[in-house]
Amino acid sequence: MSGDSAPPPAYTVSERRDGGGDAAAVLPDATRTKRTRRVFHGRIIHSKSLKEIEILPQASLGVDDTGTIAFLDATVTSAGEACAKHKGFTHAEQITLKPLQFLFPGLIDTHMHAPQYPNMALGMEGDLKEWCENWTDPIEASYTDTAKAHRVYREMVRKELDNGSTTVAYNSSIHREATNVLADTCLEFGQRAIIGKLCILVGSTHGNWEASATQSIADEAKVVAHIRRIDPTGKLVMPCIQPRAGSYVPPELMRGLGGIASEGEGHNEGRMRVQAHMCETPLEVSDMHDLHPGFASYADMYDHYGLLGPRTILAHCIHLSRRDMDVLAKTGAGVAHNANSNTCLTDGWCRVRELLDRGIKVGLGTDCSAGYSISILNAMRQASNVSRHLTIATDEAGWKLSFEELVYLATMGGAEACSVDKTVGNFEVGKAFDALVVDVGLDDNINTNGWERDDMALLKKWVFMGDDRSIRKVFVDGRLVAGKDL
Ligand code: GUN
Ligand code: FE
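Every residue gets a number counted from 1 within its own chain, in the order that chain's sequence is written. Labels are handed out in written order, letters beginning with A for the chains and numbers beginning with 1 for the ligands. Residues qualify for local features only when their pLDDT is at least 70, as the model is predicted, and side-chain atom pairs are given and counted only at 80 or more; totals for whole chains, interfaces and linings, by contrast, use all residues.

Asks: Before we move on, could you go through the overall build of the protein chain and cite the residues and values that matter?
Replies: Here a strand is any run of E in DSSP of at least two residues, a helix any run of H or I of at least four, and the numbering for each starts at the N terminus. Along its length, the protein chain carries 14 helices and 17 strands. For a compact globule the rule gives 2.2 Å times the number of residues to the power 0.38, and the radius of gyration it is set against comes from C-alpha atoms. In terms of C-alpha radius of gyration, the protein chain reaches 22 Å, essentially the compact-globule figure of 23 Å for 486 residues. Each principal axis of the C-alpha atoms in the protein chain carries an extent, and together these give about 65 × 60 × 40 Å. For the exposure call, what matters is how many other C-beta atoms sit within 10 Å of a residue's own: 20 or more marks it buried, 12 or fewer exposed, and in between partly exposed, using C-beta atoms placed from the backbone. Relative to its 486 residues, the protein chain shows a buried fraction of 55%. Here the contact rule is simple: place C-beta atoms from the backbone, and any two residues whose C-beta atoms are within 7 Å are in contact. For the protein chain, the share of sequence-separated contacts (at least 6 apart) that also reach a separation of at least 24 residues comes to 74%.

Asks: Tell me about the site of ligand 1, and name the residues and values.
Replies: In this entry, near means the residue's backbone-placed C-beta atom lies within 6 Å of the molecule or strand. Taken together, H113, L128, C132, T136, R244, A245, H277, E280, S341, D367 and A370 make up the full set of residues near ligand 1. Here the element with the most residues in the shell around ligand 1 is helix α2 (residues 128–141); it accounts for three residues. Of the residues assigned to the shell around ligand 1, the class counts are four nonpolar, four polar and three charged. Note on residue classes: Ala, Val, Leu, Ile, Met, Phe, Trp, Tyr, Cys and Pro are nonpolar, Asp, Glu, Lys and Arg are charged, and everything else, Gly too, is polar.

Asks: With reference to specific residues and values, describe the nonpolar core.
Replies: Membership of the largest hydrophobic core comes to 139 residues, with the highest contact counts inside it found for L182, C186, I195, V237, L257, A383 and A410. Tallying contributions element by element places helix α13 (residues 403–417) first for this core, with eight residues. Where each domain begins and ends follows an automated or database-derived domain assignment. Looking at which domains feed residues into this core, each of domain 1 (38–105 + 429–482) and domain 2 (107–417) supplies at least three. When residues no more than four places from it in sequence are discounted, the contact partners of C186 are V157, Q191, A193, I195, L236 and V237. The nonpolar core criterion groups buried Ala, Val, Leu, Ile, Met, Phe, Trp, Tyr and Cys residues into a set whenever they are joined through C-beta atoms within 7 Å. Formed by eight residues, the second largest nonpolar core is a distinct cluster that contains W131, I139, L345 and A370.

Asks: Outline the packing of helix α4 (residues 176–189) against helix α5 (residues 213–230), supporting the account with residue identities and numerical values.
Replies: As a rule, the C-alpha atoms of each element are fitted with a line to give its axis, helices using only the stretch in contact, and angles between N-to-C directions run from 0 to 180 degrees. Axis separation between α4 and α5 bottoms out at 10 Å; the angle between their running directions is 20°. When the axes of α4 and α5 are compared, the pair comes out roughly parallel. You can see that α4 and α5 cross each other, and the crossing is right-handed. Of α5, the residues touching α4 (which contributes R176, T179, N180, A183, D184 and L187) are D219, K222, V223, H226, I227 and I230. Roughly parallel means an angle under 35 degrees; roughly antiparallel, over 145; roughly perpendicular, 65 to 115; everything else is oblique. Crossing handedness: left-handed means the near helix sits turned counterclockwise from the far one by under a right angle, and right-handed means the same turn made clockwise.

Asks: Explain α5 residue by residue, including any values.
Replies: An α-helical turn contains 3.6 residues, so a residue and the one three or four places further along point in the same direction. For α5, built from 18 residues, the straight-helix expectation of 26 Å at 1.5 Å per residue is met to within 8% by its first-to-last C-alpha distance of 26 Å. When α5 is considered as a whole, its buried residues turn out to be S216, I217, E220, V223, V224, H226, I227 and I230. At its buried positions, α5 is contacted by α4, β8 (192–195), β9 (198–199), β10 (237–243) and α6 (251–263). Here, expected helix span is obtained from the residue count minus one, scaled by 1.5 Å.

Asks: Can you explain the pairing of strand β11 (residues 273–278)? Please cite residues and give values.
Replies: Across the six residues that make up β11, a large majority, six, are buried. On β11, burial covers both faces: R273, Q275 and H277 on one face and V274, A276 and M278 on the other are all buried. Only when DSSP finds a minimum of two bridges between them are two strands counted as paired. Summarising the sheet, β11 and strand β12 (residues 312–316) pair through five bridges and their orientation is parallel. Residue pairing across strands places H277 opposite A315, the latter belonging to β12.

Asks: Please provide a residue-by-residue account of the domain arrangement of the protein chain, values included.
Replies: The domain architecture assigned to the protein chain consists of domain 1 (38–105 + 429–482) and domain 2 (107–417). Centre-to-centre separation of domain 1 and domain 2, based on C-alpha positions: 30 Å. Taken together, the contact pairs 22 residues of domain 1 with 26 residues of domain 2. Only α14 (455–465), β16 (471–476) and β17 (479–482) provide two or more residues apiece to the side of domain 1 that touches domain 2. Here the residues of the side of domain 1 that touches domain 2 sort into eleven nonpolar, three polar and eight charged.

Asks: Give me the environment of A193: which residues, what numbers.
Replies: Secondary-structure assignment places A193 in strand β8. Excluding its chain neighbours within four sequence positions, the residues that come into contact with A193 are V168, Y170, C186, L236 and V237.

Asks: Please set out the pairing of β17 residue by residue, giving values where relevant.
Replies: Inspection of the sheet shows β16 paired to β17 by three bridges, in the antiparallel sense. By the bridge assignment, V476 is partnered in β17 with R479. Here β16 hands over to β17 after two residues, with D477 in that stretch at a positive phi of 55°.

Asks: Can you break down the packing of helix α3 (residues 146–162) against α4 residue by residue, with the values?
Replies: Put simply, α3 and α4 touch, their axes get as near as 9 Å, and they point 35° apart. The two elements α3 and α4 cross, and the hand of that crossing is right-handed. Between α3 and α4, the contacting residues are T146, A149, H150, Y153, R154, V157, R158 and L161 on the first element and E177, A178, V181, L182, T185, C186 and F189 on the second. A breakdown of the residues in the contact of α3 with α4 according to their chemical character gives nine nonpolar, three polar and three charged.

Asks: Now, about the environment of A178: what can you tell me, with residues and values included?
Replies: For A178, the position within the fold is in helix α4. Look at A178 and you get buried, because 28 C-beta atoms sit within 10 Å.

Asks: Can you break down α4 residue by residue, with the values?
Replies: Here α4 is 14 residues long and its end C-alpha atoms lie 20 Å apart, about the 20 Å a rise of 1.5 Å per residue gives. Within α4, 14 of the 14 residues are buried, which leaves it mostly tucked inside the rest of the structure. Phi turns positive one or two residues past the end of α4, at G190, with a value near 80°.

Asks: How would you sum up unusual backbone geometry? Please name residues and give values.
Replies: A cis amide bond, omega 15°, links C368 with the succeeding residue S369. For S369, the position within the fold is in the loop between β14 (361–364) and α12 (376–394). A positive phi angle, near 50°, is found at C279, a position not held by glycine. Tracing the backbone through its elements, the reader meets C279 in the loop between β11 and α7 (282–291). One non-glycine residue, T346, adopts positive backbone phi at about 50°. With respect to the helices and strands, the residue T346 is situated in the loop between α10 (339–344) and α11 (352–357).

Asks: Summarise the confidence of the model for the protein chain; cite the residues concerned and give the values.
Replies: Do not read the predicted coordinates in detail wherever pLDDT is low. Mean pLDDT over the protein chain stands at 93; residues scoring 70 or higher make up 92%. Low pLDDT, under 50, characterises residues 1–28; the predicted model gives this stretch 46 contacts beyond four residues in sequence or across chains. Residue-level confidence of the predictor, termed pLDDT, takes values from 0 up to 100.

Structure (structure tokens):
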């Protein structure tokens, strides 16, 4: 396709000016490539609510030169007609989708551990504690080597984008420099990302902890400052603070991190985002209570330190008490449901239906490397299976997630959990154009025979059988950044 934005320029470690440190970054990033006005015409699919997927078999979607969705028009019969009808689009690039293609919102990965990427598929023998000690602590500790961060993060961000994840909430390691590299890499590749430095003081092994609460807080603040310097409006890369979990962060550090969280007020986007783990296993819950005695629930502890709010993402939330759920509902914190990793580590089944019934925001996460797949399509399948296992275990059909709900969780639900739902998640006019061109005819794993005219069947086949081969173009903020046809 002619006229697409050029791919991000080649970029090597030696070209870096700042070595991943705190100096002002001057990066040849994807955000500097020019955007084109575009009109897509063909099958357009997105989520309207937990109950409704809108499938427009023949519609036009216009993207302006700021990367914003200008119109979604189902009354026109061609891209040319849409260009003639909509002001300012006369000379727009026209993209007519093929019969087995559709336009779909970018997928949202609400929980991913960047430094653990090399360990994917390894370490499933143990439970959470054994896995953390034998696999996660050693690999995370190794990111004192900033050159390793460059190597791994470039490969990983590329993989996430090629699998259609246009927004990712990343956990990092305890290292300031490596975390800055992650932020630089996302910006350079044009991925929307929420990033912070992981904070750990106790409870870990292999030297995977920080020297003091003071240093941990100071380094987190420097990472936040770095991210605000490289992306001042927070359009693509958004800072967050990351207490690993209640059992790794003692009161003094939790208090300090709460202090940083409240400082976000007044910055372009308001309050600072927070990412943390919560209620993953019964042992993890009791370890939290040992370190933080006296709280009525895990959620009360985070809330006490000012870490719960509409901009908090909590991974797992499997072993929640009634009280935990009440606090989540009251504070508006979101849940990252990581069905794959929860099964791999035999953590338990997250009761997503109960969360949704209480109005708690839920998105899907890959949680690599506890999960073995970087794909949100896989996360949808695993979330479907976990919900069905709950039905098997209880003989109650109500646990089962519908297909409409799975699509919502992977897109709009993820956007809500990451509090980017005003910007992305579906094709509402005025939102940023984060989207995938999917082709179910080009993925050898998908058999469409006989179902080519059934839009819903094609969508289901993609969700349950597709992989990155079907993701031909990936757009973030109106820019073509990845996909097989890049
Ligand atoms: N709890 C604390 N750290 C981790 C982690 O890295 N992954 C998962 N799944 N759970 C955690
Ligand atoms: Fe995790």
